[in-house]
Amino acid sequence: MTSAAALLAAPAFLADANSTAGAEIVAPLQMSNTAAAFDVAGEADYSYAITLPSSVNISNGSGGTMAVNNFTGSKASGTLTAGADDFTVGGTLTVAANQASGEYTGTFAITVEYQ
């Protein structure tokens, strides 16, 4: 089995962290050479923590799957300076030898929570 690494990207989402429970973002996975970018908005000067998934599986709809793991973010927490902040998330895509071709899709959840 061989593997290759790739960054996964998603369109920008706004995570509204105005509740004490935080917000969960479910982002579609897309192949790209850039990390997924997220904007966070809420009360000015509040701190927040980010929780990333450990691993997700993506599929091509015909039985082919690949694992995405080792999610990393540009930060684990942040401060809503002037009520806004942003961060990026990437991961490692494991591609098996003889991996079936096709469009692979999936989602991953990110939790943003006030501290």
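Structural data are supplied above this passage.
Residues numbered from 1 in each chain as written. Predicted model: local features only at pLDDT ≥ 70, side-chain atom pairs only at ≥ 80, totals over all residues. Heavy atoms only, no water.

Caption draft 1: Quick peek at the overall build of the protein. Within the protein one finds zero helices and 11 strands. Listed by position from the N terminus, the elements making up the protein come as β-β-β-β-β-β-β-β-β-β-β. For the protein, buried positions account for 35% of its 115 residues. Taking as baseline every contact in the protein between residues at least 6 positions apart, the subset at least 24 positions apart corresponds to 74%. When the accessible surface of the protein is totalled, it reaches about 6,200 Å², and 49% of it is carbon and sulfur. (Helix = DSSP H or I, 4+ residues; strand = E, 2+ residues; numbered from the N terminus. Buried < 20%, exposed > 50% of the residue type's maximum accessible area, 1.4 Å probe, protein only. Contact = heavy atoms within 4.5 Å. Areas by Shrake-Rupley, 256 points an atom, 1.4 Å probe, with all protein chains shown as cover.)

Caption draft 2: Main features of the pattern of salt bridges. Inspection of every chain in the model, using the stated rule, returns one salt bridge. The partner of D85 in a salt bridge is K75, and the shortest N-O contact between them spans 2.9 Å. Taken as a pair, D85 in strand β10 (residues 84-94) and K75 in the loop between β8 (65-73) and β9 (77-79) lie far apart in primary sequence, 10 residues in all. Assessed through its relative accessible area of 27%, K75 is described here as partly exposed. (Salt bridge = Lys/Arg side-chain N within 4 Å of Asp/Glu carboxyl O.)

Caption draft 3: Highlighting the nonpolar core. The biggest cluster of nonpolar side chains holds 19 residues, and the ones touching the most others in it are F38, Y48, F87, V89, F108 and I110. Those elements giving two or more residues to this core turn out to be β5 (36-41), β6 (47-51), β7 (55-59), β8, β10 and β11 (107-114). Considering every element that reaches this core, the biggest residue donor is β11, with four residues. For F87, the contacting residues outside a window of four places in its chain are A36, A37, F38, V40, Y48, I50, S74, K75, I110 and V112. (Core = buried A, V, L, I, M, F, W, Y, C linked by side-chain atoms within 4.5 Å.)

Caption draft 4: Spotlight on the packing of aromatic side chains. Applying the stated criterion across every chain, the model contains three aromatic pairs. Seen from their ring centres, F38 and F87 are 5.3 Å apart, and the 25° between their planes marks the pair as stacked. Of this pair, F38 sits in strand β5 while F87 sits in strand β10; the two residues are 49 residues apart in sequence, bridging distant segments of the chain. A residue is classified by how much of its surface remains accessible, and F38, at 1% relative accessible area, is buried. Here the aromatic rings of F71 and F108 are separated by 5.1 Å at their centres, their planes lie at 35°, and the arrangement is tilted. You can see F71 sitting in strand β8 and its partner F108 sitting in strand β11, a full 37 residues away along the chain. (Phe/Tyr/Trp six-rings, centres within 6.5 Å; stacked < 30°, edge-to-face > 60°.)

Caption draft 5: Broad picture of the pairing of β10. In the sheet, β5 pairs with β10 via six bridges, with the strands oriented antiparallel. Considered in β10, the bridge of D39 is made with D86. Bridge count for β8 against β10 is five bridges, and the pairing is antiparallel. Bridge pairing in β10 links G73 to V89. (Pairing = 2+ DSSP bridges.)

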